[in-house]
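Close look at the chain arrangement
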Amino acid sequence: MTTTALTGTRAGSAAAPLMLSVWAGEEVAYEDALRWQRILVSARAEDASDDVLLTLTHDRVYTAGRRADIAHHVLGTSSIRVVQTDRGGDVTYHGPGQLVAYPIVRLPHRKAIRPHVSALEDACVRTAAAFGITAGGNLKRPGVWVGNRKLAAVGVRVDQGVTSHGLAFNVTTDLADFDGLVPCGITDGEVCSLRSLGVDTTVEEVRPRLVAALGATLGRTVHAASRADLGLVRA
């Protein structure tokens, strides 16, 4: 990992901590993004980098959290591959048209996990509001909802006090791709996207709104960076 661009750039003590925002690309293989996150978590834990926010879209894939019952939640009627991962949560879908954000952030203490998740949810709520959509969290269900329809999924992992994984916000996602699973184990709710809610927009238009919202809710000063700055390459 290249750290030259990551060190010596921290904001002053009176400013919010720095978070490098990286657009990592379209239809990134989930395994590549998982590898990148592990590299960044290790660097952040060793104080060799600042906080990092990766944004991207994935190829079509179902991902299963640590305690997910794949046999129960993946219906076996789809050709979409399934990848086991190390985040919390159950089974969810990633694919084109869905904006994914992975904040690699050092938490101040163990009890900050729940506030971190709330910050991710709040950023999605603010982003939806920017497009005229009223969304909110649900105390009984993970993620961000518009009524009984899920707009964004949230799932995180904390290792050595550093977060990984994050959120998946449906922009123009093909909702038919959710038909091969029970999203996050929820059987009495539906999935939605900005497009299905009548918003004419794109991932490219939504991304700066979501990045700015995450900077605000996470209390970070956002600076743009690139995959090359971080030494992240596709396999």
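Thresholds applied
Residues numbered from 1 in each chain as written. Predicted model: local features only at pLDDT ≥ 70, side-chain atom pairs only at ≥ 80, totals over all residues. Heavy atoms only, no water. Helix = DSSP H or I, 4+ residues; strand = E, 2+ residues; numbered from the N terminus. Expected span 1.5 Å × (residues − 1). Buried < 20%, exposed > 50% of the residue type's maximum accessible area, 1.4 Å probe, protein only. Axes fitted to C-alpha atoms, helices over the stretch in contact; angles between N-to-C directions. Parallel < 35°, antiparallel > 145°, perpendicular 65-115°, else oblique. Left-handed = near helix turned anticlockwise from the far one by under 90°. Contact = heavy atoms within 4.5 Å. Nonpolar A, V, L, I, M, F, W, Y, C, P; charged D, E, K, R; others polar. Salt bridge = Lys/Arg side-chain N within 4 Å of Asp/Glu carboxyl O. Pairing = 2+ DSSP bridges. Patch = residues over 30% accessible without salt bridge, like charges linked within 9 Å, V, L, I, M, F, W, Y side chains within 5 Å. Areas by Shrake-Rupley, 256 points an atom, 1.4 Å probe, with all protein chains shown as cover. Lys, Arg positive; Asp, Glu negative; His and termini not counted. Charge placed at Lys NZ, Arg CZ, Asp CG, Glu CD.

**Some details on helix 1 (residues 30–45)**
Between its first and last C-alpha, helix 1 extends 22 Å over 16 residues, near the 22 Å set by a 1.5 Å rise per residue. Listing the buried residues of helix 1 in full gives Tyr30, Asp32, Ala33, Leu34, Trp36, Gln37, Leu40, Val41, Ala43 and Arg44. At the C-terminal side of helix 1, Asp47 shows a positive phi close to 60 degrees.

**Looking at the packing of helix 3 (residues 113–130) against helix 4 (residues 203–218)**
Viewed as axis vectors pointing N to C, helix 3 and helix 4 meet at an angle of 140 degrees, and their least axial separation amounts to 8 Å. When the interaxial angle is binned, helix 3 and helix 4 end up oblique. Between helix 3 and helix 4 the crossing geometry is right-handed. Two secondary-structure elements touch here, helix 3 through His116, Ala119, Leu120, Asp122, Ala123, Cys124, Arg126, Thr127 and Ala130 and helix 4 through Val206, Arg209, Leu210, Ala213, Leu214, Ala216, Thr217 and Leu218. The residue inventory of the contact of helix 3 with helix 4, partitioned by class, reads 11 nonpolar, three polar and three charged.

**Re the side chain of His165**
Here His165 is to be found in strand 10 (residues 162–170). Ignoring anything within four residues of it in the chain, the contact list for His165 reads Tyr30, Leu34, Gln37, Thr85, Asp86, Arg87, Ala101, Tyr102, Pro103, Gly155, Val156 and Arg157.

**What to know about the pattern of salt bridges**
This model, assessed by the stated rule, comprises 10 salt bridges. Notably, a salt bridge pairs Asp177 with Arg60, separated by 2.9 Å at the nearest N-O pair. Placement of the pair is Asp177 in the loop between strand 10 and strand 11 (190–191) and Arg60 in the loop between strand 2 (51–58) and strand 3 (61–64), with a sequence separation of 117 residues. In this structure Asp177 comes out as buried when scored by relative accessible area, which is 9%. On the basis of relative accessible area, Arg60 is assigned to the partly exposed category, the value being 39%.

**A look at the sheet that holds strand 5 (residues 91–94)**
Pairing in this open sheet of three strands is mixed, and the strands run 4-3-5 from one edge to the other. Each of the sheet's edge strands pairs with one partner strand only, and the pair in question is strand 4 (81–84) and strand 5. With strand direction ignored, the average angle separating the axes of adjacent strands in the sheet is 30 degrees. Bridge count between strand 3 and strand 5: four bridges; the pairing is antiparallel.

**Re a negative patch on the surface**
A cluster of acidic side chains, namely Glu26, Glu27, Asp200, Glu204 and Glu205, defines a negative patch on the protein surface. Looking at the negative patch, the elements that each hand over two or more residues are strand 1 (18–28) and helix 4. By the secondary structure assignment, Glu205 is in helix 4. Classification of Glu205 as partly exposed rests on a relative accessible area of 46%.

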